[in-house]
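Here is how the chains run, residue by residue.
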Amino acid sequence: MTTLQPPPAAKARTARPPARGDRRSWRGWGFIGPFVAVFTLVFLAPIVYSIYLSLFRDQLIGGTQFVGLDNYQQALQDDQFWASLGRVSLFLAVQVPIMLFLGLLIALALDSGRLYGTDFFRIAIFLPYAVPAVVATLMWGFMYGTKYGLVGDINDAFGVTLPDPLSSDLVLASIGNIVTWEFVGYNMLIFYSALKVIPNSLYEAAEIDGAGQVRVITAIKLPAIRGALVIATIFSIIGSFQLFNEPNILRPLARNAITTDYTPNFYTYSLSFNGQQHNYSAAVAIIMGLITMVIAYVVQLRGMRKGA
Amino acid sequence: MRRTTGRLMRGLAVLSVLTLGATACGGSDDDSGQKAVSADDVQAALEKGGSVTVWAWEPTLKTVAADFQKKYPKVKINLVGERSGDKHYTALSNAISAEKGVPDVSQVEYFALGQYSLTEGLSDLAPFGADKLKDKYTPGPWNAVSEGDKVYGLPMDSGPMALYYNKKIFDKHKIAVPTTWDEYVEAARKLHKADPKVYIANDAGDAGFTTSMLWQAGSRPYKVDGTKVKVDFSDAGAKKYTDTWQKLIDEKLLAPINGWTDDWYKGLGDGTIATLASGAWMPANFVTGVPNASGDWRAAPMPAWTKGDKASAENGGSSLTVPALGKNKELAYAFVEYANSGAGVQSRVKEGAFPATTADLKTDTFLNTEFEYFGGQKANEIFAESAANVSDDWSYLPFQQYANSIFNDTVGKAYVGNTKLIDGLKSWQDASVKYGKEQGFTVE
């Protein structure tokens, strides 16, 4: 970005004396009041309540007592929590690049103007995003079945033994496959719409200069959609850390592979709903929220700095 | 003087209102435990009518609810039955802690009762007269629902174990039905060799099944004394079980199918799963869940750990309870009593349920009932004998429901990886101990 001059109007305003003397105007509150009320109610209040909850401990024997930051201390030393965080980090490191790369590739292909039926492909690839995650997971779960599912049918039909997608070793990859299927279209659309706003004059200039398609992509298209790339990356990071639906729905099919502490979100869910440890669960959730915020923020800073 | 009196009077008035309010609040908390309810109160409630929400997945309750409504036309029973297992308890615990949407009657399996009675989530039914029903029930289930002179539910059924087996498959491969667990392992090998698609049983790690097997093998891993708890999976019984079961796991003789899934029903129906060691409440589920295999299956006594030994165990079995926060308690109790002690028992037995009431277990009609599904076999004779051989010194943890929810995190590893079953049990023990300590129990 180039340096901005302050708008001239700003200077002029400070010079002007206040129109109504010392009386404060409450009119502004009328405009932001509804926002502040809703924001407080649906955003601040739950966070404050979670923090409040996380400072207590409720036991089957002994009831509720104030424990200060004990829950946080326990969470930081909780192997199950760190293991789950490690799992989603691995997921993030492998699945997100694949998904974004595929999304980008499709967006560039659609944007190249050399394909027939662009509209059809755009809709078809986006369609999985419109399928609710729960339905998508159920559908994939059925296909993954080695007994009566698609994998089982393939095994029977061709007399082969495919590896079980729901085994301990493969289930994370299987979940990655579902998530990729669901979100490639969504990311593709973000990239595609960013590509669409690139002015045509740049392409004309490139053509006059004799640049090939590869050069056009690396020198014009990618730099132009850097903002979109950063946004998509941040969404994907948050999505990975919040992984919950897919493991939760696949679990009945693979109880031994998907443990109750499989992802941080699933762990907090199990703590809260199976173990009735709402307080500890709140502490884990807050720590996880902070970690997500920090990582998303770092990615944003780095992404934007390069873009400057 | 007058002014002072006036002020005093006003002060007194305020004070009495405050105390009234206080007693009212104090009273509402535990009036279920204090106030004795007469039969007349229950009768009056039945005449006045109202609605009772029942959370239960027991299939035979449908007829019971219909009959009950016919008898008391003013009462409406809302039977909510789509949830079972983990999901059921999660929903119930959530409703109780949110103090909202708590059902009037809830099915609770014996293993999970401790958790709810300990936290006072269930009404004591003794004031309704439930304590006088003690002699009607077999000792095992009654031990499970009562604690001192408090009664937290009425036993709905009991689950003395039996070995259900697919006779067609055994006949086809000319293999004898096993009477000991050693023979069982042998039969498993032969069956799977004869037809690689056939497994002796399905087991992908099931807490209820494993604890029942331990129970039969003579293991007593849980010792509970009030808030003192001991967990120990290292006794001789546990070793007997893990040694045998490890063979089945290692040789891949168990179908990796979870119970109560579509795959499971299919497997029971198409001969993939050749036997099922389960409670005596299973026949009703066979009839509704695996209708296509009618006639294929039979019941047999549980295989013994040593030849000739008759020791059996309970698997599952539930009670109907009245949650403390439910609304229509009189009506709720009336329904519970009707279903589990009154006329409801007969209609449930007719549909294949296995009652916990002694009288019903001993009648000739019960013992001579021919199970059409089992090719006319008089299966109740086997179940009744099993019931008589269940030792009642077993106890579950007061937080068994949580322990069961993490079973697959720990023991489950033995079914899919290199972990040995006995080590899996050890880590289950450690996790249970850890949770018990966190919850304020004294754990040894």
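Here the structure is a predicted model, which means the values were calculated and not measured.

Analysis parameters
Residues numbered from 1 in each chain as written. Chains lettered and ligands numbered in written order. Predicted model: local features only at pLDDT ≥ 70, side-chain atom pairs only at ≥ 80, totals over all residues. Pairing = 2+ DSSP bridges. Helix = DSSP H or I, 4+ residues; strand = E, 2+ residues; numbered from the N terminus. Axes fitted to C-alpha atoms, helices over the stretch in contact; angles between N-to-C directions. Domains from an automatic or database assignment. Contact = placed C-beta atoms within 7 Å. Nonpolar A, V, L, I, M, F, W, Y, C, P; charged D, E, K, R; others polar.

A. Up close: the sheet that holds strand β12 (residues 275-279) of chain B. All names here are of chain B. An order of β12-β7-β13 is seen for the three strands of this open sheet, with the pairing classed as antiparallel. The open sheet has two free edges, formed respectively by β12 and β13 (297-300), since each of these has just one partner strand. Adjacent strand axes in the sheet meet at a mean angle of 30 degrees when their direction is disregarded.

B. Summary view of the pairing of strand β1 (residues 56-59) of chain A. All names here are of chain A. Two elements, β1 and strand β2 (residues 63-66), share four bridges in a ladder whose sense is antiparallel. Along β2, the bridge assignment pairs phenylalanine 56 with phenylalanine 66. Here β1 folds back onto β2, and the loop between the two strands holds three residues, one of which, glycine 62, carries a positive phi near 110 degrees.

C. Inspection of the domain arrangement of chain B at higher detail. Residues and elements named next belong to chain B. Each assigned domain of chain B is listed here: domain 1 (36-158 + 318-362) and domain 2 (161-313 + 370-443). Counting from both sides, the interface comprises 20 residues of domain 1 and, opposite them, 19 residues of domain 2. Those elements that place two or more of their residues in the side of domain 1 that touches domain 2 are α4 (85-98), α5 (110-118) and α6 (139-145). Classifying every residue of the side of domain 1 that touches domain 2 by side-chain character gives nine nonpolar, eight polar and three charged.

D. Structural view of the interface of chain B and chain A. On the chain A side, the residues contacting the 28 residues of chain B number 19 residues. Where the side of chain B that touches chain A is concerned, the elements lending two or more residues are α4, α11 (262-270), α18 (400-405), α19 (407-410) and α20 (413-416) of chain B. Across the side of chain B that touches chain A, the residue classes tally to 10 nonpolar, 14 polar and four charged.

E. Inspection of the sheet that holds strand β14 (residues 318-321) of chain B at higher detail. Residue and element names in this part refer to chain B. Within the open sheet, the five strands sit side by side as β2-β1-β3-β14-β6. Their pairing is mixed. If you trace the sheet from one side to the other, it starts and ends with β2 (75-80) and β6 (154-155), each paired once. In terms of strand pairing, β6 meets β14 through two bridges, oriented antiparallel. What sits directly across from leucine 154, in β14, is leucine 320.

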